[in-house]
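# Fold and geometry: a report
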Amino acid sequence: MTYKEQITAAMSLLAQDDRARFVGYGLANGRAAGTLIGAKPHQIVETPVAENLMTGVAIGLSLSGLRPVVYFERCDFILNALDAIVNHLSAARHISRGEFWPAVIIRVVVGNRSKPLFTGRTHTQDFHLALSRLVDFPVVRLSPDRDILAVYETARQAQERGDSTLILEYKDYL
Amino acid sequence: MTASDLIAFEQRIKARFAAGELPFLVHLSGGNEEQLLEIFRGVTPGDWVFSNHRSHYHALLHGIPASQVEAAICNGDSMFIFSKSRRFYTSSILAGTCCIACGVALEIKERGGHEKVWCFVGDGAEDNGHFYEAVRFADGRDLPITFVIEDNDRQVDTDHMTRWGTDERFPWQTSKVMRYHYRATFPHGGAGLPPGSVKFSEEIVKRFVR
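The shown structure was predicted, so the numbers you read here are calculated from the model rather than taken from an experiment.

Scoring rules and cut-offs
- In this numbering scheme, every chain counts its residues from 1 along its sequence in written order.
- By the order in which they are written, chains take letters starting at A while ligands take numbers starting at 1.
- Under the rules for a predicted model, residues below a pLDDT of 70 receive no local features and side-chain atom pairs below 80 are neither given nor counted, while totals for whole chains, interfaces and linings still include all residues.
- Side-chain numbers here rest on the full set of heavy atoms in the structure, without hydrogens or water.
- At least two DSSP bridges between two strands are required for those strands to pair.
- A helix here means a DSSP run of H or I that spans at least four residues, while a strand means a run of E at least two residues long, and both kinds are numbered starting from the N terminus.
- Lines are fitted to the C-alpha atoms to define the axes, a helix being fitted only along its stretch in contact, and any angle between axes, read from their N-to-C directions, falls within 0 to 180 degrees.
- Only heavy atoms enter the contact rule, under which two residues are in contact if any of them lie within 4.5 Å.
- Aromatic rings from Phe, Tyr and Trp, taking only the six-membered ring of Trp, are treated as a pair when their centres fall within 6.5 Å; an angle between ring planes under 30 degrees marks them as stacked, one over 60 as edge-to-face, and anything in between as tilted.
- Each residue is placed in one exposure class: buried if its accessible area under a 1.4 Å probe, protein chains only, is under 20% of its type's maximum, exposed if it is over 50%, and partly exposed if it falls in between.
- Residues were grouped as follows: Ala, Val, Leu, Ile, Met, Phe, Trp, Tyr, Cys and Pro as nonpolar; Asp, Glu, Lys and Arg as charged; and all remaining residues, including Gly, as polar.
- pLDDT expresses, on a scale from 0 to 100, how confident the predictor is about each individual residue.
- Expected span of a helix: the number of residues minus one, times 1.5 Å.
- Here, the term nonpolar core denotes a set of buried Ala, Val, Leu, Ile, Met, Phe, Trp, Tyr and Cys residues that are joined through side-chain atoms within 4.5 Å.
- In what follows, salt bridge is the name for a side-chain nitrogen of Lys or Arg lying within 4 Å of a carboxyl oxygen of Asp or Glu.
- Counting of polar contacts relies on pairs of N or O atoms within 3.5 Å, with two restrictions inside protein: one atom must be capable of donating a hydrogen and the other of accepting it, and residues adjacent in sequence are counted only when both atoms are side-chain atoms.

## Notes on the sheet that holds strand β5 (residues 177–181) of chain B
Residues and elements named next belong to chain B.
- What the 5 strands build is an open sheet, ordered β2-β1-β3-β4-β5; its pairing is parallel. The sheet terminates laterally at β2 (88–90) and β5, the two strands that pair on one side only. Each strand of the sheet is rotated relative to its neighbour by a mean of 20°, with strand direction disregarded.
- In terms of strand pairing, strand β4 (residues 145–151) meets β5 through 5 bridges, oriented parallel. What sits directly across from Val 148, in β5, is Met 178.
- Against the sheet, helix α5 (residues 98–111) touches β1 (48–51), β2, β3 (117–122) and β4, its axis set at about 170° to β3.
- This element, helix α7 (residues 129–140), spans β3, β4 and β5 of the sheet and lies at about 145° to β4.

## Considerations on the packing of aromatic side chains
- According to the stated counting rule, one finds 15 aromatic pairs over all chains in the structure shown.
- Judged by centre distance (5.5 Å) and plane angle (5°), the rings of Phe40(B) and Phe120(B) are stacked. Taken as a pair, Phe40(B) in helix α2 (residues 33–40) and Phe120(B) in strand β3 lie far apart in primary sequence, 80 residues in all. Considered together, Phe40(B) and Phe120(B) belong to a single accessibility category, that of buried residues.
- Taken together, a centroid distance of 5.8 Å and an interplanar angle of 15° make the contact between Trp48(B) and Phe50(B) stacked.
- The class of Phe50(B) is buried, set by a relative accessible area of 0%.
- Members of the aromatic cluster, connected to one another through ring pairs, are Phe100(A), Trp48(B), Phe50(B), Phe82(B) and Tyr89(B).

## Brief notes about the sheet that holds strand β6 (residues 165–170) of chain A
Residue and element names in this part refer to chain A.
- If you trace the 6 strands from one edge of the open sheet to the other, you get β2-β1-β3-β4-β6-β5, paired in parallel fashion. Each having just a single partner strand, β2 (44–46) and β5 (139–141) make up the two edges of the open sheet. Neighbour to neighbour, the strand axes of the sheet diverge by 20° on average, direction disregarded.
- Pairing of β5 with β6 involves 3 bridges; the strand directions are parallel. In the strand pairing of β6, Val 139 is matched with Leu 166.

## Looking at the packing of helix α3 (residues 51–63) of chain A against helix α4 (residues 82–89) of chain A
All names here are of chain A.
- Packing of α3 against α4 leaves a shortest axis separation of 7 Å and a crossing angle of 35°. Contact residues: α3 offers Asn 52, Thr 55, Gly 56 and Ile 59, while α4 offers Leu 82, Asp 83, Ala 84, Ile 85, His 88 and Leu 89.
- Grouping the amino acids of the contact of α3 with α4 by side-chain chemistry returns 5 nonpolar, 4 polar and 1 charged.

## Side note on the side chain of Ser55(B)
- Relative to the helices and strands, Ser55(B) is located in the loop between β1 and α3 (56–61).
- Since its relative accessible area comes to 0%, Ser55(B) is described here as buried.

## Points about unusual backbone geometry
All names here are of chain A.
- The omega torsion across Lys 115 and Pro 116 is 0°, close enough to zero to call that bond cis.
- Checked against the element boundaries, Pro 116 lands in the loop between β4 (105–110) and α6 (128–134).
- Phi is positive for Ala 33, close to 55°, though the residue is something other than glycine.
- Along the chain, Ala 33 turns up in helix α2 (residues 31–34).

## Some remarks on the confidence of the model for chain B
- For chain B, mean pLDDT is 95; residues scoring 70 or higher make up 99% of the total.
- In the predicted complex, the global pTM is 0.96; the interface-specific ipTM is 0.96.

## Notes on α5(B)
Residues and elements named next belong to chain B.
- Between its first and last C-alpha atoms α5 spans 20 Å; for 14 residues at 1.5 Å apiece the expected length is 20 Å, and the two agree.
- In terms of residue burial, α5 counts as a mostly covered element, since 11 of its 14 residues are buried.
- Within the span of α5, buried status applies to Cys 98, Cys 99, Ile 100, Ala 101, Cys 102, Gly 103, Val 104, Ala 105, Leu 106, Glu 107 and Ile 108.

## Looking at the nonpolar core
- In terms of nonpolar packing, the biggest core is built from 88 residues, with Phe22(A), Ile106(A), Phe131(B) and Phe147(B) touching the most fellow members.
- With 9 residues, α5(B) is the largest single contributor of residues to this core.
- With residues up to four places along the chain from it excluded, the contact list for Phe22(A) reads Met11(A), Leu14(A), Ala15(A), Leu27(A), Leu36(A), Ala39(A), Gln43(A), Ile44(A), Val45(A) and Val69(A).
- Among the nonpolar cores identified, the runner-up in size contains 36 residues, and Leu37(B), Phe40(B), Ile64(B) and Trp118(B) belong to it.

## Some words on the interface of chain B and chain A
- Between chain B and chain A, the residue contacts involve 27 residues of the former and 27 residues of the latter.
- Across the salt bridge formed by Arg97(A) and Asp77(B), the nearest N and O atoms sit 2.3 Å from each other.
- Where chain B meets chain A, there are 9 residue pairs in polar contact (both at pLDDT 80 or more).
- Those elements that place two or more of their residues in the side of chain B that touches chain A are β2, α5 and α7 of chain B.

See below:
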């Protein structure tokens, strides 16, 4: 399978759970660059381009027992959502002394540097190092040699336990 | 719980703070008892309440026992009172709960549930873009949520005129937002005691500061 086929298969795997919700923008029509073809319409939560909102909505869905995956079409844009990710998603279990364990899979696309063109400084930044220092859950990079289905299966199981995972994919490989 | 009960509760916390028992930040409530009692007549036990840094009254009025709230405060959790069984959630990050509350309300609507979500913010949080995003999302999707702006004309210690150049409030044109005004009886943080008047022993600081 190609890189994109593996990601598409991973999304379809997650979508098999009826509690899965895909939250973000570019999902209802673009279907996250065609990778959400396995998701049912009711599993798509299309949001405005308001990254903190969509992440917070995902946290709220998780508090209510659903299994949200929030989608960032560029890593650059995740900076708008750091309050929800760092101060809320990552901190909740600690500050609530274990009362609340929101768990979200955060899917992040790092923009293309060369294929088919360079999309510019603020569409190609890869903040994986900074992100891994800001949150207390795994930050995983999908290089072409990774078993992508296995990464998402691990993230799915972690979410079931109440743990979040942030997974970066690279448009140059798509 | 009456207005007198609420006031007495915060006076007890103030006394413990003055005695040096609470070596951490507290935000005491006061001056809005009647308004909150009226609002909470419409809040049912199954509803979600999202509170903020000033959470004591909300917690008490949503049915968390006073002894439990006081124990949490005295354990350093004044800003972090949570209860899954009571559906009570807080954040001390300005406007931080608004979008999370929307997610909870979205699930209720999708399921066809009858619960409601109540999200309490100050007029400081109202200033923030995260509040705006959440209100628009809730309004457009007609989510079962009410944002309550607790307007004490004070963002930490700055009034509306000073920070916005006008006293006119923003006209939120949606039934999802309500506002009440009040005059706070305590300062933003602390218990309103003279600076330096509270001494914390080394032992108590060691026990709590982590």
